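Each chain, written out:
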Amino acid sequence: MKVSLFITCMCDIITSNVGKDTVELLERLGCEVDFPDAQTCCGQPAFTSGYLEESKKAMKQMMRAFKDSEFVVGPSGSCVGMLREYPKIFAGDPEWEKEANNLAAKSYEITQFLVDVLGVTDIGSTFKGKVTYHPSCHMTRILGIRDAPYTLLKHVQGVDLIELPIKEDCCGFGGTFAVKNSVISGEMVKEKSLHVSETGAEYLVGGDMACLLNIGGRMTREGKNVKIAHITEILNHHQ
Amino acid sequence: MSIKISNAPYNERVQEGVKNDFMRKAVASAQGRFRSGRQKQADELGNWEDWRTLGEEIRTHTLRNIDYYLEILSENVSKRGGNVFFAKTAEEANEYIQHIIKKKNAKKVVKSKSMVTEEIGLNDALAEVGAEVVESDLGEWILQLDEDLPSHIVTPALHKNKEQVRETFAVKKGYEQSDKPEELASFARQQLRQEFLAADVGITGCNFAVAESGAVTFVTNEGNARMVTTIPDTQISVMGMERIVPTWEELDILVSLLTRAAVGQKLTSYITSITGTRLEGESDGPEEYHLVIVDNGRSKILGTEFQSALHCIRCAACINVCPVYRHVGGHAYGSIYPGPIGAVITPLLDGYEDHKELPYASSLCGACTEVCPVKIPLHEQLIRHRQIIVERENKGNKMEKLAMKGFAKWASSPAAYKLSAAAARPALQPWSKNEMIKSGPGPLKGWTINRDFPAPAKQTFRSWYKNRQKGREV
Ligand code: SF4
């Protein structure tokens, strides 16, 4: 199966290890992975801040970059969620509507792709440790992915998966919200950090690096010793 | 009061909320109860999503034909001896009601809980004409005694705990018992009973008005709407113009959605309807009945992309799941309508000028949209508000505007993107220590107030990938 990696700008620049894990994971499962070099950012920062025209420029670039891809797979529920919103945004646009539908229809978040498209639940990976999982908002609510990450994690040998209390609550990231409403965002992430501590987990795992950097950044600020790991890092781990 | 409930700047209101530990504990525990109650009811129905779709269809149909249904309602109320008044503005509504109070020479008014009368500032208007107003909903009564404001649209005194209520009762009403909820409630009941008996006029809000019969319906758990509508001989109901259903059948469905979504109840304790006046041959009903239908900015929303905001049935489910509301409480919104629905409708009803921060008071997590029993796309409407603020109202931040222009250039040019991606690490080097940024420049500053940020990776993904491909080709 031919898969184009949608790296997301965050995982390209800040946390590039996630991209490596994603590529290796897909290849291990027999996919042929390519990386369309013209991709940039999905446009979400501008879109959610109200800058529609600016965000559309980014979106068009993404549609051009993935025009010929068969499947587009990315390690982020939120960024893939943004691609899936393109059809609404370009509805009625004679030039771009079709492209938007086309990209949205072939885009998948990595865990969703593994479980729903490849039909894999057990990757054969091993990871020793106490783990808790934060289901990020856009992954759950925009993409509707609820079970895939849990299904995959439960099959990892050695993982002790502990449920995160009030897991459905947002961690407080919310894009520019974290900066513009830093007081509220700060309170939200403090509560999330508290819940992570309650689990006694050594690792906080998630499918969105932005949320993990938010919670992880708070935990290091508090001097806590919980490590963050993108789910692909756990799935791509074998001892 | 009116829609706007505070003159303090947004940031101050937020700080105030965040500092209020009492309130935050009360809110978190109430949210916990409401959330699990709602979830239980939704699960029990088994096909909750179908119910939501039905709720959405009913509201969409009704609002599309609102002129028709309002006419039918008005005809039916008139047929049953009631007077109907369409108020374009809050002032018109208040003046009409003041006129009745004066005509009746009324000294005491009892009210049941109503958000729209808060919205139009009716209590102040009644005081102006010398009428004493007594709120009969327990929460509203507590707030009235305490000269406080609602912080929630269903449970207005949510931000208070029982010790605070005991204190209020003691100071204002000479209460001498404990803070046991039963004792507090029984005291309130005795006090309110006297007020019901002494009132000249009863004023109610309206959960839903049934067009086909002209019945104005109230959903309560305390039965106070029943008391208000039963005793005084003059009755006035005030409704937002969108609070209408075609027939009893739709009422049934919407009430079911309302009580389940609001507090996790299958059914409320009391559903009360008032259908005009006591006609000849009838044994009960008021002597005089007035229905005041309030527009106050609502018809401006009709036909716009925000029309679905008028579908709201005021269940507060969106507020109960909101993580922002959880930490700042209702008063921080500065609007009589707090939470996600408040952030959507307040700027629509009362303009952007005083409320331009509200659409940003959301992390866009979508929890509100997910629970809304009539499927209002709340978080999408917040984004739409932001677009309007940026494009039409031109109230966006200038620096942000520049940054976004830069973003568009950056993200639409792979070459520019690549250059800056590679430059990110060295650019942030001065702020990085042990691969961590504890206090960052520019927008990172807001981030690093509360948390660390990692230094950009030593190698971007794309350069790693490129090298890897090269290695493979060799
Ligand atoms: S917007 Fe939806 S969830 Fe919020 S109060 Fe209205 S009906 Fe309830």
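These numbers were taken from a predicted model, which means no experiment stands behind them.

Draft legend 1. View of the sheet that holds strand β13 (residues 453–454) of chain B. Residue and element names in this part refer to chain B. As summarised here, the arrangement of the three strands in space is β11-β12-β13, forming an open sheet in which the pairing is antiparallel. Each of the sheet's edge strands pairs with one partner strand only, and the pair in question is β11 (432–433) and β13. Pairing between strand β12 (residues 436–437) and β13: two bridges, direction antiparallel. Bridging across to β13, Ile437 finds its partner in Phe453.

Draft legend 2. Structural view of the packing of helix α5 (residues 77–89) of chain A against helix α6 (residues 97–106) of chain A. Residues and elements named next belong to chain A. Contact pair α5 / α6: the axes reach a minimum separation of 8 Å and the direction vectors enclose 150°. The pairing of α5 with α6 is recorded here as roughly antiparallel in orientation. Between α5 and α6 lies a crossing of left-handed hand. In this structure, α5 contributes Leu83, Arg84, Tyr86 and Pro87 to the contact, and α6 contributes Ala100, Asn101, Leu103 and Ala104. When its residues are assigned to classes, the contact of α5 with α6 shows six nonpolar, one polar and one charged.

Draft legend 3. How the structure looks around the pattern of salt bridges. Overall, the coordinates contain 42 salt bridges over all chains when judged by the stated rule. One salt bridge in this structure joins Arg468 of chain B and Glu27 of chain A, with 2.6 Å as the shortest N-O distance. On the criterion of chain membership, the pair formed by Arg468 of chain B in helix α22 (residues 461–473) and Glu27 of chain A in helix α2 (residues 17–28) is interchain, its members lying in two chains. For Arg468 of chain B, a relative accessible area of 17% corresponds to the buried category. Between Asp295 of chain B and Lys88 of chain B there is a salt bridge, and its shortest N-O distance comes to 3.2 Å. Pair noted here: Asp295 of chain B is in the loop between β10 (288–294) and α13 (298–301) and Lys88 of chain B is in the loop between β1 (83–87) and α5 (90–104), with a separation of 207 residues, a long-range link.

Draft legend 4. Region of interest: the UniProt feature "binding site: [4Fe-4S] cluster 1" (unreviewed entry) in chain B. All names here are of chain B. Within this structure's numbering, the places UniProt gives as "binding site: [4Fe-4S] cluster 1" (unreviewed entry) are Cys312, Cys315, Cys318 and Cys372. A maximum C-alpha distance of 10.4 Å among these annotated residues, which run over 61 residues, shows that they cluster at one spot. Mapped onto the elements, Cys315 comes out in the loop between α13 and α14 (317–321). A relative accessible area of 6% means that Cys315 is categorised as buried. Ignoring any residue separated from it by four or fewer positions in sequence, one finds Cys315 in contact with Val154, Leu258, Ala261, Ala262 and Pro373. Within the fold, Cys372 resides in the loop between α17 (367–371) and α18 (378–391). Among the residues examined, Cys372 registers a relative accessible area of 7% and is labelled buried.

Draft legend 5. Expanded view of helix α20 (residues 414–428) of chain B. Residues and elements named next belong to chain B. Under the 1.5 Å per step criterion, the end-to-end length of α20 is 21 Å for 15 residues, consistent within 8% with the ideal 21 Å. Helix geometry: α20 is bent most strongly at Ala422, by close to 30°, with proline Pro426 lying one to four residues after it. All buried positions along α20 are accounted for by Tyr417, Ala421, Ala424, Arg425 and Leu428.

Draft legend 6. Fine view of the domain arrangement of chain B. As far as domains go, chain B holds domain 1 (65–294) and domain 2 (414–473). Taking only C-alpha atoms into account, the centre of domain 1 of chain B sits 59 Å from that of domain 2 of chain B.

Draft legend 7. Structural view of the packing of aromatic side chains. Residues and elements named next belong to chain A. Overall, the coordinates contain 22 aromatic pairs over all chains when judged by the stated rule. In this structure, Lys56 packs its charged tip against the face of Phe90, placed 5.6 Å from the ring centre. In this arrangement the basic side chain of Arg84 is found over the ring face of Tyr108, its NZ or CZ atom lying 5.5 Å from the centre.

Draft legend 8. View of the interface of chain A and chain B. Facing the 72 residues of chain A at the interface are 67 residues of chain B. Taken together, both faces of the contact between chain A and chain B bury some 5800 Å²; the carbon and sulfur share is 57%. Summed over the three residues of chain A that lose the most area to chain B, namely Ile13, Tyr51 and Arg221 of chain A, the buried surface amounts to 12% of that side. The tally of links between chain A and chain B comes to 16 salt bridges. A salt bridge links Arg326 of chain B to Asp169 of chain A, with the shortest nitrogen-to-oxygen separation between them at 3.8 Å. Where chain A touches chain B, the interface holds 40 residue pairs in polar contact (both at pLDDT 80 or more). Residues of the side of chain A that touches chain B, tallied by class, amount to 31 nonpolar, 20 polar and 21 charged.

So, how was this worked out
- Residues numbered from 1 in each chain as written.
- Chains lettered and ligands numbered in written order.
- Predicted model: local features only at pLDDT ≥ 70, side-chain atom pairs only at ≥ 80, totals over all residues.
- Heavy atoms only, no water.
- Pairing = 2+ DSSP bridges.
- Helix = DSSP H or I, 4+ residues; strand = E, 2+ residues; numbered from the N terminus.
- Axes fitted to C-alpha atoms, helices over the stretch in contact; angles between N-to-C directions.
- Parallel < 35°, antiparallel > 145°, perpendicular 65-115°, else oblique.
- Left-handed = near helix turned anticlockwise from the far one by under 90°.
- Contact = heavy atoms within 4.5 Å.
- Nonpolar A, V, L, I, M, F, W, Y, C, P; charged D, E, K, R; others polar.
- Salt bridge = Lys/Arg side-chain N within 4 Å of Asp/Glu carboxyl O.
- Buried < 20%, exposed > 50% of the residue type's maximum accessible area, 1.4 Å probe, protein only.
- UniProt positions renumbered as here; feature names shortened; annotations may be inferred.
- Expected span 1.5 Å × (residues − 1).
- Bend = angle between axes of the 7 residues up to and from the residue.
- Domains from an automatic or database assignment.
- Phe/Tyr/Trp six-rings, centres within 6.5 Å; stacked < 30°, edge-to-face > 60°.
- Lys NZ or Arg CZ within 6 Å of the ring centre and 35° of its normal.
- Buried area = accessible area lost by both parts, 1.4 Å probe.
- Polar contact = N/O pair within 3.5 Å; in protein donor to acceptor, adjacent residues only side chain to side chain.

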